[in-house]
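Structural description and commentary
Listed below, chain by chain, are the residues.
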There are 2 protein chains.
Amino acid sequence: MMHLGLFLLGTGSHVAGWRYPGAIDRFTDIEAVRKTCQLAEAGKFDFIFMGDNLHADVTTHPSYAARFEPMTMLANVAAVTSHIGLGATMSTTYSDPFTVARMFASLDFISGGRAAWNAVTTASPAASANFGTTHPAHSSRYERAEEFIDVVTGLWDCWEKDALVADRKSGIYIDEAKLHPLKHKGKFFDVEGPLNIPRSPQGRPVITQAGGSAPGRKLAARTADVVFSVVQDIDEARSAYTTVKQEVAEFGRSPDDVTFLPGVMPVVGRTDREAFEILSELQGYVGEKDALGLLSDRLGTDMSAYDLDGPVPDLQQADTYHSFSSVMLAKAKRENMTLRDLYNLVASARGHWVLCGSAETVATTLIEWFETRAADGFNIMPPYLYGGLTSFIEGVVPRLQEHGVFRSDYAGTTLRENLGLHEG
Amino acid sequence: MMHLGLFLLGTGSHVAGWRYPGAIDRFTDIEAVRKTCQLAEAGKFDFIFMGDNLHADVTTHPSYAARFEPMTMLANVAAVTSHIGLGATMSTTYSDPFTVARMFASLDFISGGRAAWNAVTTASPAASANFGTTHPAHSSRYERAEEFIDVVTGLWDCWEKDALVADRKSGIYIDEAKLHPLKHKGKFFDVEGPLNIPRSPQGRPVITQAGGSAPGRKLAARTADVVFSVVQDIDEARSAYTTVKQEVAEFGRSPDDVTFLPGVMPVVGRTDREAFEILSELQGYVGEKDALGLLSDRLGTDMSAYDLDGPVPDLQQADTYHSFSSVMLAKAKRENMTLRDLYNLVASARGHWVLCGSAETVATTLIEWFETRAADGFNIMPPYLYGGLTSFIEGVVPRLQEHGVFRSDYAGTTLRENLGLHEG
């Protein structure tokens with residue numbers, strides 16, 4: 001069964017999506033967020049996933065600089081949804097494991113077993129200035145992330161399922177034999193435990209990850225339930241799919257234990273032509289300065305001095321930055337892009353795959369990817385809201401359902417069940 | 001106008017409240033929490049306030065060791081309430097200011113201006129073991145808290161009210177002239193800012209505090225909007241009230257800028273006699289071991305070796321621990337209590353004032369306190385739920401309303417408005 005996530009990124013994944021006529025234009029409007037999530041639930045999506053950053057990123061994606069904190073937002077959305085999973089980013093570099101473990105266990109209780117933690121190491125160095133520190137090197141961030149995740153899962157395991165007895169007659173509230181401290185002592189963390197919240201409905205909330213570097217993929221292969229990926233075409237996706245599943249197996253896990261979901265920004269029209277017109281209208285809203293800012297951010301290099309209509313330069317690439325940069329630069333080389341072509345691509349979906357066409361075209365393409373093992377499903381990134389989402393739900397989802405690759409209703413009550421994952 | 005908060009503490013403030021027939025017996029049941037908060041809103045309470053601790057405190061108040069994380073819980077409650085304020089504790093010792101500022105601004109948006117931050121330094125040393133550190137000394141905690149709160153309010157002020165313009169025509173999303181970095185450099189924190197969320201509906205969410213020590217009172221006098229207090233009788237309350245208002249004035253603030261709310265556990269019966277029977281039944285559910293554990297915690301001294309029926313010993317008191325200890329020990333001395341008397345008191349309300357009687361008795365007493373400047377209102381601590389709350393709302397609240405000291409409906413939409421505080 002194909003799995004679908006809704007990737008919530010500001011008012012839409014397209015950097016200028018908020019300028020589209022009728023689109024929602026701010027990401028601090030809880031009614032708009034709730035309605036978006038309810039649409040995704042009506043479309044039987046597996047989950048909503050909310051990315052995060054830890055500084056006001058005014059230059060690269062403005063609506064993303066003025067946004068909800070993810071845990072409070074999703075805890076609120078939990079009250080107006082019943083089946084859709086609720087995934088949020090919390091940083092392993094700028095948080096501590098006791099707090100992270102506790103918040104996701106709490107969200108898991110609040111939502112009846114629908115919480116997912118997207119463990120990221122925080123790529124952007126700008127975050128560090130808000131936390132009074134310098135941004136740790138890539139390798140150090142990943143070393144810390146490995147230990148961080150072990151502490152979090154360890155804390156989730158401190159309470160056995162039936163440790164809370166609340167036996168009115170005997171007066172025993174907690175069966176202390178079933179409550180275990182963690183007593184973790186490591187390089188980065190000393191954490192005694194146990195958590196001050198019992199084992200949550202999923203046992204362990206779902207863990208998602210998106211790291212594309214070698215240490216990132218290793219971390220995901222060992223610890224993730226869902227892997228988000230950045231790819232630009234089906235061959236790249238198949239290759240990444242195979243690699244991820246192999247790496248998972250190398251850790252003694254079943255390849256089915258990990259769900260591989262590339263990100264995709266679908267632009268759906270009544271015809272292929274109309275879809276391209278929508279995308280073209282969206283691109284028309286992008287200022288050159290904004291686009292270059294975003295491009296510089298995604299490539300990790302200041303691009304403002306380059307000629308927009310010249311070729312994409314051969315950049316000295318830091319392979320430890322976003323996996324976006326390598327994927328995009330490879331595509332630019334393959335397709336002889338100018339810098340303007342590249343920024344148009346980046347403005348759309350920040351380096352993710354853009355799939356433009358009629359509902360039939362989009363559905364057929366996604367089915368081909370799914371059936372030829374390029375993906376277990378997709379992280380859907382609507383360019384703007386609500387239209388960029390409703391056109392997908394009304395046009396594409398029914399075609400996926402008719403083809404028998406996507407659910408017509410939720411089979412389980414927890415996110416783990418709906419993702420087809422083993423018990424947490 | 002009198003102000004009322006509902007102090008949510010596990011399944012009730014009485015340590016054995018969960019054993020009361022029909023009471024809710026776990027604090028990870030979101031439906032029960034929502035219903036409780038909706039009851040308080042129907043009773044026109046100003047706010048719900050959720051205390052917090054950062055370790056599984058199994059020995060002193062068991063239902064409190066198995067509980068929601070406050071921010072996720074209140075963000076969810078926001079979806080099923082419309083007027084009641086939502087206050088939560090976050091620690092200035094075990095959190096960082098960027099995250100705290102952001103979470104409360106987010107909750108403030110989510111709730112339409114109903115968020116309140118209870119800034120605490122975390123009294124219990126046990127928390128430190130979950131954060132890989134040693135518990136800082138009292139003076140150091142308060143020094144950090146002073147700076148922490150300044151950073152948080154500074155971050156709340158980074159965005160001017162109309163900095164987010166989202167002008168579709170010009171493509172300007174943020175008016176950067178109205179967005180100011182914080183550039184704080186201090187002893188404990190370096191924080192660049194701005195926050196990645198605009199100015200929230202209240203501007204600054206309400207700040208509450210409960211510190212009873214001299215540095216705690218100083219911090220509250222300078223920075224708090226609401227002060228919670230531990231008192232055992234009206235004379236103590238009047239004296240504390242006068243002190244707090246004086247200290248506030250010494251910082252150049254108006255005494256009306258701070259709302260003084262003692263905690264009280266009301267036990268309401270149809271008659272005074274029935275109320276005492278309810279309390280007596282509750283006390284009958286307390287195990288001796290649990291009570292001594294709680295007593296040791298509140299006094300900061302291991303009491304297990306003392307004779308329960310002997311006098312309360314003259315304890316070497318750390319004046320920097322809970323203000324509970326000094327208040328309770330003073331009462332014990334005044335009233336010649338045995339240790340058993342004292343633990344009965346502590347088991348009820350953890351050292352807070354217990355007010356037992358008919359609705360008439362309870363209302364009359366609260367009105368006397370309010371009208372003679374012993375309190376601006378009360379932080380109500382129901383011994384168990386829901387009955388311990390509904391008896392108050394059905395019996396006491398209408399009498400307060402008839403007397404004209406308590407609202408019949410909410411006058412404002414934000415918590416600041418309902419508390420009668422100046423704009424944040």
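Per an unreviewed UniProt entry, chain A carries the name NtaA/DmoA family FMN-dependent monooxygenase and comes from Acetobacter musti. If you open the UniProt record of chain A and go to Sequence similarities (unreviewed entry), you find "Belongs to the NtaA/SnaA/DszA monooxygenase family."

Here the focus is the side chain of asparagine 118 of chain A. Checked against the element boundaries, asparagine 118 of chain A lands in strand E4 (residues 115-120). Residue contacts for asparagine 118 of chain A: discarding those within four places in its chain leaves Phe49, Ala88, Thr89, Met90, Thr208, Gln209, Ala210 and Phe228 of chain A.

What follows deals with the nonpolar core. Core analysis: the biggest nonpolar cluster contains 214 residues, and Phe45 and Trp117 of chain A together with Phe45 and Trp117 of chain B have the highest contact counts within it. For tryptophan 117 of chain B, the contacting residues outside a window of four places in its chain are Ala88, Met90, Thr92, Val100, Phe104, Phe148, Ile149, Val152, Trp156, Val206, Ile207 and Thr208 of chain B.

Turning our eyes to something else, we now look at the packing of helix H2 (residues 70-77) of chain B against helix H3 (residues 97-110) of chain B. All names here are of chain B. Interaxial distance between H2 and H3 falls to 9 Å at its minimum, and their mutual angle equals 10 degrees. Taken together, the axes of H2 and H3 lie roughly parallel to each other. Crossing geometry of H2 relative to H3 is assigned as left-handed. Residue-level inspection shows Met71, Leu74 and Ala75 of H2 in contact with H3, the latter providing Met103, Phe104, Leu107 and Ile110. A breakdown of the residues in the contact of H2 with H3 according to their chemical character gives seven nonpolar, no polar and no charged.

Here we come to unusual backbone geometry. Look at the link from glycine 193 of chain A to proline 194 of chain A: it is a cis peptide, with omega at -5 degrees. As for its position among the elements, proline 194 of chain A is in the loop between strand E8 (190-191) and strand E9 (206-209). Cis geometry is found at the peptide bond from leucine 385 of chain B to tyrosine 386 of chain B, where omega equals 0 degrees. Within the secondary structure, tyrosine 386 of chain B sits in the loop between strand E13 (377-380) and helix H12 (387-402). One non-glycine residue, alanine 166 of chain B, lies in the positive phi region at around 45 degrees. Tracing the backbone shows alanine 166 of chain B in strand E5 (residues 164-167). Classification of alanine 166 of chain B by relative accessible area gives buried; the value is 7%.

What counts, and at which threshold
Residues numbered from 1 in each chain as written. Chains lettered and ligands numbered in written order. Predicted model: local features only at pLDDT ≥ 70, side-chain atom pairs only at ≥ 80, totals over all residues. Heavy atoms only, no water. UniProt positions renumbered as here; feature names shortened; annotations may be inferred. Helix = DSSP H or I, 4+ residues; strand = E, 2+ residues; numbered from the N terminus. Contact = heavy atoms within 4.5 Å. Core = buried A, V, L, I, M, F, W, Y, C linked by side-chain atoms within 4.5 Å. Buried < 20%, exposed > 50% of the residue type's maximum accessible area, 1.4 Å probe, protein only. Axes fitted to C-alpha atoms, helices over the stretch in contact; angles between N-to-C directions. Parallel < 35°, antiparallel > 145°, perpendicular 65-115°, else oblique. Left-handed = near helix turned anticlockwise from the far one by under 90°. Nonpolar A, V, L, I, M, F, W, Y, C, P; charged D, E, K, R; others polar.

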